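Listed below, chain by chain, are the residues.
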Amino acid sequence: MAAKDGKAKKGGTGDPLAEYRDKRDAGRTPEPVPSSDALPKGDDDTFVIQEHHARSLHWDLRLERDGVLVSWAVPKGIPPSPKVNHLAVHTEDHPLEYATFEGDIPKGEYGGGKMTIWDRGTYETEKWSEREVMIVLHGSRVSGKYVLFRTRGKNWMIHRMDPPADPDAEPLPEKVRPMRPAEGRRLPRDQGAYGFEFAWGGRRLLAYVEGGRTRFTDGRAREVGGPAGLGGPLGRDVGARPVVLDGELAQVNGTETYLIFDVLHLDGHPLLDVPYSERRERLDELGLSGPRWQTTPWFPGEGDAVREAAGSQGLPAIVAKRLDSPYRPGEESDAWRLIPVQ
């Protein structure tokens, strides 16, 4: 970490960016790799948080200090509440130019993966020592007083000192029993009051995603191991937003795919009482799509067309869901109807 008096404590090299340069080849990475000339001087008040889709998703907190960006990797993101502390791993100082960097670091290079700016702004320093850094952040997504304190070696913890940014936010539920459709024979007469989805005939799974990590429960709300290679990539696609997703695991074109058709909790707020149509709109806005997970389509008022398309694809049924229906955990409800294609 760069010292406040401007003398870098880097084994006597006098260059606080020596470790940064040693880990990077300017000819192979799009990251800024400045020369060892004199460091630029700012006002020690710039911060940036970058979302880093490397081998494991994490967020990099960087604070301008004595001409460099002092940096920590935060696996679970910046804590929104003082009730939890998050691990923050101190990494090498970065050049000031990194505060605007977004791009894809090539695979095989140090930190390979996609880097995007998650938040940035200014900060004030209240305390800065080798073991404790107390700051006030002023960003568009994160604002408030935080303290970073060293625990062991490069491991630090970050703690929010102010009240929660969203005092009404609730943690993700431990488990939710999925709502089930009642069996029907015919399409509803008032199709305009319903949204229609394909029924894929798969295994029901609810996904609980937080800090880029994913756990699953089954149709009985029992904790289950997720399909190999799915939880991590899905968590990285969701990013920092805590969410509970409802869907099913089914074969699509020969690939086992998690098909997502509902969102039950998002950004600290339960959506169970929100109408189905609004939940679907919220889900679509998340833009979840990957090699083994997809947000399924829904078609308001188009029951006949959806049933015909399902038949042509060899699917067993469709589901009609009232646009105004809330989500009733554990219930079989006539607001959702499972209608066979034949």
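Keep in mind the model is a prediction, meaning the values are calculated, not measured.

About the thresholds
Residues take numbers from 1 onward in each chain, read along the sequence in its written order. Totals for whole chains, interfaces and linings use every residue, but because this is a predicted model, local features are given only for residues with pLDDT of at least 70 and side-chain atom pairs only at 80 or more, for both listing and counting. Each side-chain value is worked out from all heavy atoms of the structure, with water and hydrogens disregarded. Helix and strand assignments come from DSSP, with helices taken as H or I runs of at least 4 residues and strands as E runs of at least 2, each series counted from the N terminus. Summary of the burial criterion: residues with accessible area below 20% of their type's maximum are buried, those above 50% are exposed, and those between are partly exposed, where the area comes from a 1.4 Å probe applied to protein chains only. Whether two residues touch is decided by their heavy atoms; if any such pair falls within 4.5 Å, the residues are in contact. Residue exposure ignores everything except the shown protein chains as possible cover, and the areas themselves are Shrake-Rupley values with a 1.4 Å probe. Charge assignment in this entry is limited to Lys and Arg as positive and Asp and Glu as negative, and neither His nor the chain termini are counted. Here the site of a charge means NZ on Lys, CZ on Arg, CG on Asp, or CD on Glu. Nonpolar cores were defined as sets of buried Ala, Val, Leu, Ile, Met, Phe, Trp, Tyr and Cys residues, with membership established by side-chain atoms within 4.5 Å. In this description, one arc is meant: the one made by directions from the helix axis to the C-beta atoms. Any two strands with at least two DSSP bridges between them are considered paired. Two distance rules govern patches: like charges are joined within 9 Å, and nonpolar side chains (Val, Leu, Ile, Met, Phe, Trp, Tyr) within 5 Å, applied only to residues with over 30% relative accessible area and no salt bridge. A side-chain nitrogen of Lys or Arg and a carboxyl oxygen of Asp or Glu constitute a salt bridge if their distance falls within 4 Å. Definition of a polar contact: a pair of N or O atoms within 3.5 Å, with one able to donate and the other able to accept a hydrogen when the atoms are protein atoms, and with sequence-neighbouring residues admitted only if both atoms are side-chain atoms.

A.B. asks: I'd love a proper account of the overall build of the chain, names of residues and values included.
C.D. replies: Looking only at helices and strands, the chain has four helices and 21 strands in total. Dimensions of the chain along its principal axes, counting C-alpha atoms only, are 80 × 45 × 30 Å. Across the 342 residues of the chain, 47% fall into the buried class. Contacts in the chain between residues far apart in sequence, at least 24 positions, make up 60% of those at least 6 positions apart. Surface summary for the chain: the accessible area is close to 16,400 Å², and the carbon and sulfur share equals 48%. If you average the places of the 48 positive and of the 54 negative side-chain charges in the chain, the two averages end up 6 Å apart.

A.B. asks: Requested: an account of unusual backbone geometry, with residues and values cited.
C.D. replies: For residues besides glycine, phi is generally negative; the peptide bonds are generally trans as well. Unlike most non-glycine residues, Ala221 shows phi in positive territory, near 65 degrees. Positive phi, normally seen in glycine, also occurs at Asn253, with a value near 55 degrees. Relative to the elements of secondary structure, Asn253 occurs in the loop between β15 (243–252) and β16 (255–266).

A.B. asks: Kindly report on the nonpolar core, identifying the contributing residues and their values.
C.D. replies: Ranked by size, the top nonpolar core spans 34 residues in total, and within it Leu61, Leu63 and Leu148 carry the most contacts. If you list the elements that add at least two residues to this core, you get β1 (46–53), β2 (57–65), β3 (68–74), β6 (113–128), β7 (132–139), β8 (143–152) and β9 (155–160). Setting aside its immediate chain neighbours within four residues, Leu63 contacts Thr46, Phe47, Val68, Leu69, Val70, Trp72, Tyr123, Trp128, Val133, Ile135 and Leu137.

A.B. asks: Got a sec to walk through helix α4 (residues 303–312)? Specific residues and values, please.
C.D. replies: Along α4, the residues that are buried comprise Gly303, Val306 and Ala310. Taken end-on, α4 shows its buried residues confined to a sector of 65 degrees, consistent with a single buried face. Opposite its buried face, α4 presents the exposed residues Glu308 and Ser312, each directed more than 90 degrees away. Tucked into the core, α4 has its buried residues touching β11 (194–199), β19 (299–300) and β20 (317–322). Just downstream of α4 lies Gly314, where phi reads positive at about 75 degrees.

A.B. asks: How would you explain the pairing of β16 if you had to name every residue and give the values?
C.D. replies: The element β16 is largely enclosed, with a buried count of ten among its twelve residues. Two elements, β15 and β16, share ten bridges in a ladder whose sense is antiparallel. Within β16, the residue paired with Leu249 across the bridge is Tyr258. Taken together, β15 and the strand that follows it, β16, pair antiparallel across an intervening segment of two residues, in which Asn253 is found at a positive phi of about 55 degrees. One ladder, built from three bridges, connects β16 with strand β18 (residues 293–295); its direction is parallel.

A.B. asks: Describe a positive patch on the surface, with residues and values.
C.D. replies: A grouping of Lys175, Arg177, Arg180 and Arg220 is seen on the molecular surface, where their side chains present a positively charged patch. Along the chain, Arg177 falls in the loop between β9 and β10 (180–183). When its relative accessible area of 43% is taken as the criterion, Arg177 is described as partly exposed.

A.B. asks: Provide a residue-level description of the pattern of salt bridges, including the pertinent values.
C.D. replies: Taken as a whole and assessed by the stated rule, the structure comprises 23 salt bridges. Residue Glu278 pairs with Arg282 through a salt bridge whose shortest N-O separation is 3.0 Å. With Glu278 and Arg282 both in helix α3 (residues 276–286) and four residues apart, the pair spans about one turn of that helix. With its nearest N and O atoms 3.7 Å apart, the salt bridge here joins Arg337 to Asp334. On the basis of relative accessible area, Asp334 is assigned to the partly exposed category, the value being 48%. Residues joined in a network through salt bridges with shared partners are Glu19, Lys23, Arg24, Glu31 and Glu92.

A.B. asks: Tell me about the side chain of Arg279, residues and numbers included.
C.D. replies: Mapped onto the elements, Arg279 comes out in helix α3. In terms of polar contacts, Arg279 uses its side chain to reach the side chain of Asp262, at 2.8 Å. Apart from the residues within four sequence positions on either side, Arg279 is in contact with Asp262, Val263, Leu271, Leu272, Val274, Ser325, Pro326, Tyr327 and Trp336.

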